[in-house]
Amino acid sequence: MKEFYEHIFDKQQAVQDMPSNKRIAQWAISLLHLLFPERSSSDFKEVADVKAAFEVAESDLYELLLKTKACSSCNVKKVSEDFFLHLPHIYETMLTDAQSIMEGDPAAKSLNEVIRTYPGFFAIAIYRMAHELHQQGIPLIPRILTEHAHSKTGIDIHPAARIDEYLHIDHGTGIVIGETCIIGKHVKLYQGVTLGALSVEKNLANTQRHPIIEDYVIIYAGATILGGETVVGHHSIIGGNVWLTNSVDPYTTVYHQPNSKFIETKPIV
């Protein structure tokens, strides 16, 4: 047992210190609430109060990065400043996502309902923030953020994926969007969609492994689209339960033809 304890102790010393996952997630959620008061009540009396709240959020990000040893080579001040300089654009993109969900879901009664309650909007919004940090070369924290959203919604979006505006996630549970996936504008994804890699070999880590989804594509529930050379052309429709590893031309509908059997069953008297 002594060797086991020593082994665990050595591992404890080697671990790179950083804030807890909970603290990192709290920062992102607080910022989301600041951007969208629909999600949380506020008592701001004037514009200066809003400005002060964003300054606190920027300071909190700076502290998180400063306490992350894996970020010791990062210019944490510049990253914090740049993130908040880009935040208005991130916010506008989040609004396009909410609008897309609102316009595309007959069950959505208002934009407020989408922003406050829809798991798809929450997962996309967290991804948008995580992606910005990933683009600035921040380690670990972007993945922690998207995995927090994954744990809450069942929607797994890698922070490195490139997703354009007006993404509509309907229901969303079980969606997987891989690291090198590229998604265009006005794309609609239903639950259980996988945009994954055809092979998971480690030597392919730095290659385009995940599909490209062009503008105005709809992908229905349970569809699986795999491979870095797979391109789904714009304005295409991929039906439910389709397994796709080849490219699809624009304006194409692909559907799965089930072989279902119906047997009459009579109640036992």
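On a predicted model such as this, the values are computed, not experimentally measured, just so you know.

Caption draft 1: Seen up close, helix α3 (residues 47–66). Helix length check: α3, at 20 residues, gives a terminal C-alpha distance of 29 Å against a target of 28 Å (1.5 Å per residue), a fit within 8%. Packing partners of the buried residues in α3 comprise α2 (21–35), α4 (76–104), α6 (119–135) and α7 (141–153).

Caption draft 2: Geometry of the pattern of salt bridges. Counted under the stated rule, the structure contains seven salt bridges. Here Lys51 ties to Glu55 by a salt bridge, and the two come within 2.5 Å at their closest N and O atoms. Of this pair, Lys51 and Glu55 both sit in helix α3, four residues apart, which is roughly one turn of the helix. Residue Lys51 is classed as exposed on the basis of its relative accessible area of 52%. Overall, the relative accessible area of 42% leaves Glu55 in the partly exposed class.

Caption draft 3: A look at α2. Spanning 15 residues, α2 covers 21 Å between terminal C-alpha atoms, matching the ideal 21 Å at 1.5 Å per step. For α2, the set of buried residues is Ile24, Ala25, Trp27, Ala28, Leu31, Leu32, Leu34 and Leu35. Among the structural elements, α3, α4, α6 and α7 are those in contact with the buried residues of α2.

Caption draft 4: Spatial organisation of unusual backbone geometry. Here Tyr166, not a glycine, exhibits a phi torsion of approximately 60 degrees, which is positive. Along the chain, Tyr166 falls in the loop between β2 (162–163) and β3 (168–169). Of note in this structure, His235 is not a glycine but carries a positive phi near 60 degrees. Turning to its location among the elements, His235 is positioned in the loop between β11 (231–232) and β12 (237–238).

Definitions and cut-offs
Residues numbered from 1 in each chain as written. Predicted model: local features only at pLDDT ≥ 70, side-chain atom pairs only at ≥ 80, totals over all residues. Heavy atoms only, no water. Helix = DSSP H or I, 4+ residues; strand = E, 2+ residues; numbered from the N terminus. Expected span 1.5 Å × (residues − 1). Contact = heavy atoms within 4.5 Å. Salt bridge = Lys/Arg side-chain N within 4 Å of Asp/Glu carboxyl O. Buried < 20%, exposed > 50% of the residue type's maximum accessible area, 1.4 Å probe, protein only.

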